[in-house]
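# Remarks on the overall topology
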Amino acid sequence: LSPWSFQCEHIGRTIPLTEGRAAQGDQGLVRVCAGSFSFNSFLNESYFGSSIAANEMLSSCAFFAMDMGRGVADTVLVYDDDATQYIGDYAWAPWTGWKVDAWIPFGAGQNAAQTAQDIPLLCWATGTPYGPQISAYGTNPTADSGLPIPFLAQTGWLTIGQGTQSKELHRLFLEMEASPGAYVTYTISPSSTVNQSGTPVTYNPSSGSFAATGGVTGAESHQTLIAAIQPFLRADAYLIGFAEGSGVASLELVSALLDAVVEPYKP
């Protein structure tokens, strides 16, 4: 998944779903915070076993807590300026599952003992019948309530460099860095082919999953996951989306490869 091979969802453009919901929500509930904040991750560059989570930095980001029509600010639209500069286009991501009544950025100066700088943390307050509840982002590398993170990584149309030839897709490879227990699902959308008679040849999207990642507990592992596509698909191009299925793990997608038989179109 090279930086230019997928299309992100741009908040500043016409988006029927995310932008429309944000525009129709209660604007009085919008809460904004920006800065650079630390988080813990088991993507710690340790490949030999370690129980220590690495401290990483989510830098140059803006967080917009928005109401999407439910009367609470329970969706955070994250603008990543570093990623924007890297890919040359606006990089946004919607985060769900937080109810933000107020942001509390912490760690903008020295600690109380005046011996070092405080670690910058992103905290937020949520009102409850028993008073405000304070939560912090990224203090535990496995604290996601046991639920998959609703991300989607999507490739562009993959033609294997030969867009005018047919490809029988038999296997899908996913290269990634991950701690044990990462479970990734995929959906493959084949393109349609229209012959001279005007009859389109179309295969329905195919969905499946990879086996969960292995490795040493608390350590990072470079691995390649393989999924067999049965029955095989035939098209001139494929678009593939990846999502997290279940499990509590740290993961980073590196690349996606296709194993396909390339052949000329038959009349």
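As the structure is a computational prediction, the values presented were derived from the model and not from experiment.

Conventions adopted
- Residues numbered from 1 in each chain as written.
- Predicted model: local features only at pLDDT ≥ 70, side-chain atom pairs only at ≥ 80, totals over all residues.
- Heavy atoms only, no water.
- Helix = DSSP H or I, 4+ residues; strand = E, 2+ residues; numbered from the N terminus.
- Buried < 20%, exposed > 50% of the residue type's maximum accessible area, 1.4 Å probe, protein only.
- Contact = heavy atoms within 4.5 Å.
- Areas by Shrake-Rupley, 256 points an atom, 1.4 Å probe, with all protein chains shown as cover.
- Pairing = 2+ DSSP bridges.
- Core = buried A, V, L, I, M, F, W, Y, C linked by side-chain atoms within 4.5 Å.
- pLDDT = per-residue confidence, 0-100.
- Axes fitted to C-alpha atoms, helices over the stretch in contact; angles between N-to-C directions.

### Structural notes on the overall build of the protein
Counting its secondary structure elements, the protein contains 2 helices and 16 strands. Each of the 267 residues in the protein was classed as buried or not, and the buried ones make up 37%. In the protein, the proportion of contacts linking residues at least 24 apart, taken out of those at least 6 apart, comes to 67%. Accessible surface, the protein: about 14,700 Å² in total, of which carbon and sulfur atoms supply 56%.

### Let's talk about the pairing of strand β6 (residues 121-128)
As defined by bridge partners, strand β5 (residues 102-106) adjoins β6 across 5 bridges and the pair is classed as antiparallel. Looking across to β6, one finds that Trp103 is bridged to Trp124. Counted along the chain from β6 to the antiparallel partner strand β7 (residues 131-136), the turn is 2 residues long.

### With respect to the nonpolar core
Leu172, Leu174, Met176, Tyr186, Ile188, Phe210 and Phe242 are the most contacted members of the largest nonpolar core, which has 23 residues in total. For this core, the elements supplying multiple residues, two or more each, are β9 (166-178), β10 (183-190), β14 (221-235), β15 (238-246) and β16 (251-263). The contacts of Met176, once residues within four sequence positions are left out, are Ala182, Val184, Thr213, Ser221, His222, Gln223, Leu225, Leu251, Glu252, Leu253 and Val254. Within the second largest apolar cluster, 15 residues are counted, among which are Cys61, Val76, Val78 and Tyr137.

### A few points about the confidence of the model for the protein
Taken over all residues, the pLDDT of the protein has a mean of 81, while the share at 70 or more is 84%. Counting contacts from residues 1-16, a segment whose pLDDT is below 50, to residues more than four positions away or on other chains yields 37 contacts.

### Overview of the sheet that holds β6
Spatially, β5-β6-β7 is the arrangement adopted by the 3 strands of the open sheet, whose pairing is antiparallel. The open sheet has two edge strands with one neighbour each: β5 and β7. Strand-to-strand twist of the sheet, defined as the mean angle between neighbouring strand axes without regard to direction, takes the value 30°.

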